[in-house]
Each structure stands twice: as C-alpha cells, then as structure tokens.
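# Structural overview for review
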Amino acid sequence: MTEIATQLRHDWSLGEINALFDAPFNDLLFRAHTLHRAQHDPNAVQISTLLSIKTGACPEDCAYCPQSSHYDTGLDRERLLPLNQILEHAQAAKATGASRFCMGAAWRNPTDKQLDKVIEMIQAVKDQGLETCVTLGMLSQQQAQRLKQVGLDYYNHNLDTSPEFYGDIITTRDYQDRLDTLEHVRDAQLNVCCGGIVGMGESQQDRASLLQQLANLPNHPESVPINMLVHVEGTPLFSAEPLDSIEFVRTIAVARILMPLSMVRLSAGRENMSKETQALCFFAGANSIFYGEKLLTTPNPEAAQDEALFQQLGLRPMGNNDNVPVVV
Ligand code: SAM
Ligand code: DTB
Ligand code: SF4
C-alpha cells in the first residue's frame, strides 16, 4: 500500500461521471485499480455478516423488496428476534471470520421503544468483540445520537437509486427523507454506510446520478454498498431485465474512483454472479462483502464457495483494525 495524497472531491459533475462510464473498460479498470492500490490493501476484503432481526410486514412500498407488506412474496413475518438468538448468530459469524455484524429491521423507522431493544442488542454484540452496524429505516437526530452513545459503529441507510428514477421505485418516502436521515447519522458522528441497487431497469445515467449523489455528500460514506438487484417473485421488479455484468463492474470502478477512501461493498446479488465477475469487481476496487448463506431474507453464496474463491484469488479477510484508509 502506497501512501499518496488523495484529493477527495465533492463536486463531481454528471458529465465527468458519464465520461468515466463511457471510457474503454481497460482504461477505467486501470484507473480504478491504481487508486484502489494507493489507498487500500488490494488483497484484503472486509467481511460482514447480516442478520434480519425483524422480518417482513414493512409498510413501505420499495418495489424491489421481499419484506414490503404491499407485495405477496410468501415471506413469513417475524417479530423482533430475542437477544439470545441474536448472540448465537453473532458468535457463529465471528467464528467464521466476520469482523462486523449487521442487523437489519423491516421498519419504516424505529419507535423509541424499539430502539431501546436494538440498543441492548448492539451492546451485547459489541461485547463479543465484533463491530456493529444496524439498518432500521429513518432516524431522528436524537435516535442517531442514542446509537452513537451506545457505541454503534455503522448505520446503513441507502439512497437506492438516482433522484430522477426514485419515484418509479418507492412512493412511501421521498429522497429528501433519506438525505435527512443520512445527515442525522453523520451529525451524530456515526460511520455512514450508504449505497444503492442497480439492475432495477434504471439507465446508465441513473447509475451515474446515484454515484454523483453519494460522492457529493458533504463527506463520502465510509462504506458504499453496491447491490445487484435480487429478483424476488411477487415484487414488481421480479421480471426486471438483468443488468449486464460488465456494466456492474463499471459501476464498482466508478464508485472507487469517485470515493477513493471508502470501502466499496460488493453487496447483494453475488449468489447469481460468476466468480469471474466477482474477481473483476475486486480488481475494480470492491473490498468488502457480505459473508454467510443468507443476506436478510434471500440467499448468498455458501461459506465454502466464498472460501474457495478467496483462496483462488489470494484474498484474505481484513481484520478489525486494518480497514482504515490513510489520508495524507
Ligand atoms: N427497512 C430499512 C430500510 O429500508 O432502510 C432497512 C432494511 S432494507 C431491507 C436495507 C436495504 O436492502 C435496502 O435499502 C435495499 O438497498 C436493500 N435491498 C432490499 N431488497 C433488495 C433486493 N431485492 N435486492 C438488492 N438489495 C435489496
Ligand atoms: C445493503 O446495502 N444490502 C444489504 C444490507 N445493506 C442491509 C441488504 C440486502 C438485502 C437483499 C434482499 C434480502 O435478502 O432481503
Ligand atoms: Fe421496508 Fe426497507 Fe424493504 Fe423498503 S427496503 S420495504 S423500507 S424493509
């Protein structure tokens, strides 16, 4: 890893981002990989494990989501999981090499009472020596501060897509609501995990516009999950045209160039991705994944399959303390 001065920009124009998407693939990958190498260990990948702590019956209408009560996806709704079950999952995640445990709830936003319960969970998971991340929907400023006080490491809240395409995907909350939550999380000095989903029928211009939104936030999110849509039967996006894998790799590369210090997560969608596509994503600058057989409700590659991929590519899981990029 070379320590070079990296200028972080927050003024990317759409024209500049479109030009990156349109660049010859080799030029784009070379630039992304060079930046990646300068700031990150190219062979270390941060590993997080996900757990759905409250599944289904969500009042929001996100067109991709199996947990929305607006669609019949055959998912069994579950109450908030008890603490002992959460700890069992956290222990298992740690034993398989995860450094972060991410808990997700199918809420529009948590009530203060629900947040009390989640706070207990965060404390207990932290006591196991794992980093913690939660994704609970919209947060007030005060709720974000409470999460900071208990020692939460990351809050995940995605922009999902471009402001222009957003209304085609979600009608029950608007883009500004998401930006407001991100501001509350940032003001509370929590690490921000924020990205989006591609392959929902959006245009390349929408992908560029999503990345522009992320890069032009006052601070780049520390973690940027790029999810490939998981097609779930019963959701309006079940039959969306799959996104070409080269275009997916381009999206990862552009994210790496715009946000050189951030961890770029090759997030949902790996179950249906070839190992060659994943290898290209790692080369293009992805350095974080979800590990374990399940995402929140949908399948993820088997642990043994990921171990074999890591072995074949010479990748290793990143430890808790070596994922902080160096700013010079
Ligand atoms: N309810 C909270 C919220 O929406 O902020 C937290 C949980 S929600 C399931 C977390 C994220 O999962 C969403 O923002 C979305 O980006 C991602 N997601 C949900 N369904 C997906 C799917 N079918 N494919 C890819 N990503 C998905
Ligand atoms: C994120 O960006 N992707 C994860 C995590 N943050 C919470 C969730 C992916 C969910 C995929 C659909 C499911 O398993 O329900
Ligand atoms: Fe609910 Fe989150 Fe799914 Fe939207 S993405 S329906 S808010 S669980």
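Above this text is the structure in question.
A short tour of the structure in this document, coming up. (Residues numbered from 1 in each chain as written. Chains lettered and ligands numbered in written order. Predicted model: local features only at pLDDT ≥ 70, side-chain atom pairs only at ≥ 80, totals over all residues. Heavy atoms only, no water.)

## Describing the nonpolar core
Side chains of a nonpolar character, in soluble globular proteins, are inclined to be buried together. The condition is simple: Among the buried residues, those of types Ala, Val, Leu, Ile, Met, Phe, Trp, Tyr and Cys that are joined through side-chain atoms within 4.5 Å form a nonpolar core. Only protein chains enter the accessibility calculation, which uses a 1.4 Å probe; a residue is then buried when its area is under 20% of its type maximum, exposed when over 50%, and partly exposed in between. Numbering goes from the N terminus for both helices and strands, where a helix is a DSSP run of H or I of at least four residues and a strand is a run of E of at least two.
Among the nonpolar cores identified, the biggest contains 92 residues, and Tyr64, Leu147 and Phe248 are the most heavily contacted of them. Among the elements that line this core, the one with the most residues is helix α9 (residues 245-258), at 8 residues. If you look at the next biggest cluster of nonpolar residues, it comprises 7 residues, including Leu50, Cys133, Phe290 and Leu295.

## Comments concerning the site of ligand 1
Just so we agree on the cut-off: What makes a residue near a molecule or strand is one non-hydrogen atom of that residue sitting within 4 Å of it. Polar contact is defined as a pair of N or O atoms within 3.5 Å, subject to the rule that within protein one atom must be able to donate a hydrogen and the other to accept it, and that residues adjacent in sequence are counted only when both atoms are side-chain atoms. Computed with the Shrake-Rupley method and a 1.4 Å probe, the accessible areas treat only the protein chains shown as cover for residues. Under this grouping Gly is polar, as are all residues other than the nonpolar Ala, Val, Leu, Ile, Met, Phe, Trp, Tyr, Cys and Pro and the charged Asp, Glu, Lys and Arg.
Around ligand 1, a shell composed of 17 residues is seen, among which Tyr64, Trp107, Asn158, Asp160 and Val230 lie nearest. Between Tyr64 and ligand 1, the recorded distance is 3.0 Å, taken from a backbone N or O atom to a nitrogen atom. Contacts to ligand 1 include Trp107, whose backbone N or O atom sits 3.1 Å from a nitrogen atom. For ligand 1, the protein covers 91% of the area, taking 560 Å² as the surface of the free molecule. Its residues assigned to classes, the shell around ligand 1 shows 10 nonpolar, 6 polar and 1 charged.

## Thoughts on the site of ligand 2
This is how it is decided: Residues are said to line a cavity or pocket when one of their atoms sits within 4 Å of a point; the points come from a 1 Å grid over protein atoms alone, cavities being sets where a 1.4 Å probe fits but cannot get out and pockets being open sets with protein on both sides within 12 Å along at least five of seven lines. More than half of a molecule's atoms within 2 Å of the grid points is what it takes for that molecule to sit in a cavity or pocket.
Near ligand 2 you find 13 residues, and of these Asn158, Asn227, Leu296, Thr297 and Thr298 are the closest. In the environment of ligand 2, an oxygen atom lies 2.8 Å from a nitrogen or oxygen atom belonging to the side chain of Asn227. Separating an oxygen atom of ligand 2 from a backbone N or O atom of Leu296 is a distance of 3.0 Å. Structurally, ligand 2 is housed in the largest cavity. Residues belonging to the shell around ligand 2 are distributed by class as follows: 6 nonpolar, 7 polar and no charged.

## Details of empty space enclosed by the protein
Any space left empty among the atoms is revealed by the rolling of a water-sized probe across them. Threshold: Grid points are joined across faces, edges and corners, and a volume is the space filled by probe spheres set on the points.
All told, the structure shown has 1 cavity of 30 Å³ or more when counted by the stated rule. Approximately 860 Å³ is the volume attributed to the largest cavity. Contributing to the lining of the largest cavity are 41 residues, with Tyr64, Cys65, Gln67, Asn158 and Leu296 lying nearest its centre. Of all elements in the fold, only β2 (100-105), β3 (131-135) and β7 (223-228) reach the threshold of two or more residues within the lining of the largest cavity.

## Some points on the layout of surface pockets
Put simply, the largest pocket is a space of about 460 Å³. Broken down by secondary-structure element, the contributors of at least two residues to the lining of the largest pocket are β1 (44-54) and α3 (83-95). Of the residues contributing to the lining of the largest pocket, the split by class is 11 nonpolar, 8 polar and 4 charged.

## Observations regarding the pattern of salt bridges
Quick reminder of the rule: The salt bridge criterion pairs a side-chain nitrogen of Lys or Arg with a carboxyl oxygen of Asp or Glu, the two atoms within 4 Å.
Applying the stated criterion across every chain yields a total of 13 salt bridges. Across the pair Asp160 and Arg178 runs a salt bridge whose closest N-O atoms are separated by 3.5 Å. Taken as a pair, Asp160 in the loop between β4 (154-156) and α6 (163-166) and Arg178 in helix α7 (residues 175-187) lie far apart in primary sequence, 18 residues in all. For the residue pair Asp160 and Arg178, the accessibility class agrees, reading buried in each case. Note that Arg207 and Glu202 form a salt bridge whose closest N and O atoms lie 2.8 Å from each other.

## Structural notes on the packing of aromatic side chains
The cut-off we apply is this: Aromatic contacts are taken between Phe, Tyr and Trp rings whose centres are within 6.5 Å, Trp giving its six-membered ring; a plane angle under 30 degrees counts as stacked, one over 60 as edge-to-face, and the others as tilted. In our convention, an over-ring charge means Lys NZ or Arg CZ found within 6 Å of a ring centre and within 35 degrees of that ring's normal.
Following the criterion strictly, the structure yields 2 aromatic pairs and no others. Here Tyr166 and Tyr175 contribute two aromatic rings whose centre-to-centre distance is 5.2 Å and whose plane-to-plane angle is 85°, an arrangement assigned as edge-to-face. The same class applies to Tyr166 as to Tyr175, namely buried. Consider the rings of Phe282 and Phe310, whose centres lie 6.3 Å apart with planes at 85°: the pair is edge-to-face. In this pair, Phe282 sits in helix α10 (residues 275-284) while Phe310 sits in helix α11 (residues 303-313), placing the two residues 28 residues apart along the sequence. Above the face of the Trp12 ring, Arg9 is positioned so that its terminal group lies 4.0 Å from the ring centre. The ring of Tyr154 carries the charged tip of Arg100 above its face, separated from the ring centre by 3.7 Å.

## Remarks on the pairing of β2
Looking along a regular strand, one sees side chains alternate from face to face of the sheet. Our working definition: Two strands are said to pair when DSSP picks up at least two bridges between them.
Burial runs high along β2: 6 of the 6 residues are buried. Judged by which residues are buried, β2 turns out to be covered on both faces: Arg100, Cys102 and Gly104 on one side and Phe101, Met103 and Ala105 on the other are all buried. With 6 bridges joining them, β1 and β2 adopt parallel strand pairing. Pairing of Ser48 across the sheet is with Arg100, part of β2.

## Description of the packing of helix α2 (residues 25-39) against α10
Here is the rule we go by: Between N-to-C directions, angles span 0 to 180 degrees; the directions come from axes that are lines fitted to C-alpha atoms, helices contributing only their stretch in contact. Roughly parallel covers angles under 35 degrees, roughly antiparallel covers those over 145, roughly perpendicular covers 65 to 115, and oblique covers all other angles. Whether two residues are in contact is decided by their heavy atoms: any pair within 4.5 Å suffices.
Between α2 and α10, whose axes approach to 7 Å, the crossing angle comes to 55°. By the criterion of interaxial angle, the relationship of α2 to α10 is oblique. On α10, the residues that touch Phe25, Leu29, Ala32, His33 and His36 of α2 are Leu280, Phe282, Phe283 and Ala284. Among the residues forming the contact of α2 with α10, the class breakdown is 7 nonpolar, 2 polar and no charged.

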